[in-house]
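# Structural characterization, general
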Amino acid sequence: RRHPSLSTAHRRLLDSDIDQDAGVPIPVLSVLADLHREEPGKFLPLAQLIQGCSLDFPNKPKPPPPNPELEARREYLRRRKAERDYAKLTESVITSKAPLGLGEERNVFHQLSVPINMVIGAAAGFVAFYVAGRASFESHQARMAMGLVGAVGALVTEMILYIIRSHRNIQYKHDQKHKKLHQQ
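## A short note on the overall build of the protein
Along the backbone of the protein there are six helices and zero strands. Order of helices (α) and strands (β) in the protein, N terminus to C terminus: α-α-α-α-α-α. Across the protein, contacts joining residues at least 24 apart in sequence account for 38% of those joining residues at least 6 apart. Within the structure as shown, the protein displays about 15700 Å² of accessible surface, and the carbon and sulfur contribution to it stands at 62%.

Below you can see the structure in the form of structure tokens.
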């Protein structure tokens, strides 16, 4: 039926042959909704018109193919982040290396020399204080006590020096490790 109040474009849309298999296009539904708003009692309600219908939405357009250069850059950045995370996670882990190299042999020699230095230092402290005690005391027990004080003093001094050297060595290795990580 003709609708005199409709524009030519609306009339063409409503009069066009609607393919039942293809469904009703959205513009036709828009015209019907406009008609119902303009003249509320004249036409069947829109809900009755579309009852039993189904809505078909067009497929989503496919995204454009990814840029290979951008994907390569993303993968590189992911690897770098994973390496940094791993390095941060394992920075406090001390690993031992299987074969001893020249640097490790020197380190082993240094570790063996520390107890030897402590024993020699204790003996030297005992002898020095024992001899100094001869000048001050006549009693053998007093001189032995002075020698023991010298030996204990030498051991405490050697232990303090060992702790200081170890701390500096650990700090140096830690700084070198961070320096290598930040250079990469």
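## Quick word on the side chain of Arg143
Position of Arg143 relative to the elements: it lies in helix H6 (residues 140–183). Excluding its chain neighbours within four sequence positions, the residues that come into contact with Arg143 are Tyr130, Gly133, Arg134, Phe137 and Glu138.

## Considering the pattern of salt bridges
A side chain with one charge can pair with a side chain of the opposite charge if their charged atoms come near. All chains considered together, the criterion is met by three salt bridges. A salt bridge links Arg78 to Glu75; the shortest N-O distance between them is 3.3 Å. Of the two residues, Arg78 and Glu75 both sit in helix H4 (residues 68–90), three residues apart, roughly one turn of that helix. The exposure class of Glu75 is partly exposed, given its relative accessible area of 37%. Where Lys81 meets Asp85, a salt bridge forms, and the shortest distance between an N and an O atom there is 3.0 Å.

## Quick notes on the packing of aromatic side chains
A complete count under the given rule lists one aromatic pair for this structure. Centre to centre, the rings of Phe126 and Tyr130 are 5.9 Å apart; their planes meet at 15°, and the pair counts as stacked. With Phe126 and Tyr130 both in helix H5 (residues 102–136) and four residues apart, this pair spans about one turn of that helix.

## Thoughts on the confidence of the model for the protein
Of the residues in the protein, 68% have a pLDDT of 70 or more, and the chain-wide mean is 77. Put simply, helix H1 (residues 8–15) is where the protein has its lowest mean pLDDT, 58, and H4 is where it has its highest, 93. Counting contacts from residues 98–102, a segment whose pLDDT is below 50, to residues more than four positions away or on other chains yields three contacts.

## Re H4
Between the first and last C-alpha of H4 there are 33 Å, a value that for 23 residues agrees with the 33 Å anticipated at 1.5 Å per step. Its side-chain oxygen placed 3.1 Å from the backbone nitrogen of Glu69, Asn67 serves as the N-cap of H4.

Rules and cut-offs
- Residues numbered from 1 in each chain as written.
- Predicted model: local features only at pLDDT ≥ 70, side-chain atom pairs only at ≥ 80, totals over all residues.
- Heavy atoms only, no water.
- Helix = DSSP H or I, 4+ residues; strand = E, 2+ residues; numbered from the N terminus.
- Contact = heavy atoms within 4.5 Å.
- Areas by Shrake-Rupley, 256 points an atom, 1.4 Å probe, with all protein chains shown as cover.
- Salt bridge = Lys/Arg side-chain N within 4 Å of Asp/Glu carboxyl O.
- Buried < 20%, exposed > 50% of the residue type's maximum accessible area, 1.4 Å probe, protein only.
- Phe/Tyr/Trp six-rings, centres within 6.5 Å; stacked < 30°, edge-to-face > 60°.
- pLDDT = per-residue confidence, 0-100.
- Expected span 1.5 Å × (residues − 1).
- Polar contact = N/O pair within 3.5 Å; in protein donor to acceptor, adjacent residues only side chain to side chain.

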